[in-house]
Amino acid sequence: MAPTDLGRDADADRLVEEALAADDVPQLPPAGERAALARWGEFVADDLAGYERGRDRPAEESTSFMSAYIKVGAVHPRTLLADLAGQGGASVERFVGELAWREFYADVLHHRPRTGWADLRQELAGLRYDDPEDAIEAWQQGRTGYPIVDAGMRQLLATGWMHNRVRMITASFLTKDLHVWWPVGARWFLDRLLDGDLASNNHNWQWVAGTGTDAAPYFRVFNPVLQGEKFDPRGEYVRRWVPELAHLPGKAVHQPWDHEDGYAHGYPRRIVDHAEERKEALARYKAARG
Ligand SMILES: Cc1cc2nc3c(=O)[nH]c(=O)nc-3n(C[C@H](O)[C@H](O)[C@H](O)COP(=O)(O)OP(=O)(O)OC[C@H]3O[C@@H](n4cnc5c(N)ncnc54)[C@H](O)[C@@H]3O)c2cc1C
């Protein structure tokens, strides 16, 4: 699954065979327009009414899961919008707004193609980055010692999808706790997401990193513990993806360091101190902005 120069056809065939034989390839959802519309029907019947409340709760899995279908063109967003015509309310409006974000980022990339892999805004052009190989690998494999970050990264590896809230948390951790340049994380996501899309992925990464279309988010540093407690209040999402913490009840799962048996089942210690790295990130942003 690593980025690869396919080279000759024989190499390409071998790589495809290896990829199909690998046991870490996520299971794909049923393919095609009929499957996409069936999934859409389920979402509208079961979860759309509660979307505004449930969309930020990764344990509930109550978002539409339409992103891969939209990405590959199995269904057009206009088909979904047409289906919602005449319906109002906070949940429908929010859902339509999320589809609009996708269109917005596609439009930004169309007009400014170089922003696919380069900062849209130049204010942070002088920002100092690190290249901590071991820490990047810990992030990729879900072994940072921060439970919600690790849960998200493991969900990505296992399924090829990650909940939106957790995409934001994991991206913030890489860029602001590890001080890594956003394209490093964007590349990792793009190679693994079933919905991987240059515009949506890389501009969301820039939104988190503070180099994108957003006005002034450079000081927004997600606290992985508070985010976990707020959006996974019963700890169910973390316990689902991090079995080493399954013995910790409720929201205790977000701070294993506070519990005598927190590390009893081999969960890794924190690779950085969030409070320290937050200060460091803000100092670097301040220096870059002059
Ligand atoms: C760092 C990061 C990387 C991301 N990479 C991608 C990506 O490669 N491809 C991708 O489709 N989305 C990406 N997103 C946006 C979002 O996380 C996914 O679209 C969403 O999680 C897909 O699940 P869903 O279909 O159940 O979403 P729902 O909540 O049901 O949303 C409905 C649809 O709206 C669109 N959408 C929702 N949120 C966003 C958003 N923030 N930006 C753009 N479109 C959105 C998608 O098409 C999605 O299918 C990324 C977000 C972040 C923070």
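Residues numbered from 1 in each chain as written. Predicted model: local features only at pLDDT ≥ 70, side-chain atom pairs only at ≥ 80, totals over all residues.

J.: Residues and numbers for helix α8 (residues 147-159), please.
T.: Given 3.6 residues to a turn, an α-helix orients residues that are three or four positions apart in the same direction. When the terminal C-alpha atoms of α8 are compared, their 18 Å separation across 13 residues agrees well with the 18 Å that a helix rising 1.5 Å per residue should span. Every buried residue of α8 is accounted for by P147, I148, V149, D150, A151, G152, M153, Q155 and L156. On its buried face, α8 is in contact with α7 (133-141), α9 (164-177), α10 (182-192), α12 (224-231) and α13 (236-241). Positive phi shows up at G160, right after α8, with a value of about 75°. (Helix = DSSP H or I, 4+ residues; strand = E, 2+ residues; numbered from the N terminus. Expected span 1.5 Å × (residues − 1). Buried ≥ 20, exposed ≤ 12 C-beta atoms within 10 Å, placed from the backbone. Contact = placed C-beta atoms within 7 Å.)

J.: If you had to explain the nonpolar core to someone new, which residues and values would you point to?
T.: In this structure, W139, I148, I169, F173 and V238 are the most contacted members of the largest nonpolar core, which totals 38 residues. Counting only elements with at least two residues in this core, the list comes to α7, α8, α9, α10, α11 (198-209) and α13. Per element, the largest residue contribution to this core is 6 residues, and it comes from α9. Filtering out sequence-adjacent residues up to four positions away, I169 remains in contact with I148, V149, G152, F222, P224 and Q227. By size, the runner-up hydrophobic cluster in this structure holds 5 residues, among which are A36, M66, A68 and I70. (Core = buried A, V, L, I, M, F, W, Y, C linked by C-beta atoms within 7 Å.)

J.: So what's going on with unusual backbone geometry? Residues and values would help.
T.: One non-glycine residue with positive phi stands out, namely E61, at about 45°. Residue placement: E61 occurs in the loop between α3 (51-54) and α4 (67-72). The backbone of F65 shows a phi angle near 55°, a positive value even though the residue is not glycine. Its 18 C-beta neighbours within 10 Å are what place F65 among the partly exposed residues.

J.: Describe α9, listing the residues and the values that go with them.
T.: In a regular helix each residue adds 1.5 Å, so 14 residues correspond to 20 Å; α9 covers 19 Å between its end C-alpha atoms and thus fits that length. Across the 14 residues of α9, 13 count as buried, placing the element largely inside the fold. Trailing α9 by a residue or two, H179 shows a phi angle of about 60°, which is positive.

J.: Go over the site of the ligand, please, and point to the residues and values.
T.: Residues in close proximity to the ligand total 27 residues, the closest being T63, S64, S67, N201 and N204. Residue composition of the shell around the ligand, by class: 12 nonpolar, 8 polar and 7 charged. Each of domain 1 (33-111) and domain 2 (133-289) contributes no fewer than three residues to the shell around the ligand. (Near = placed C-beta within 6 Å. Nonpolar A, V, L, I, M, F, W, Y, C, P; charged D, E, K, R; others polar. Domains from an automatic or database assignment.)

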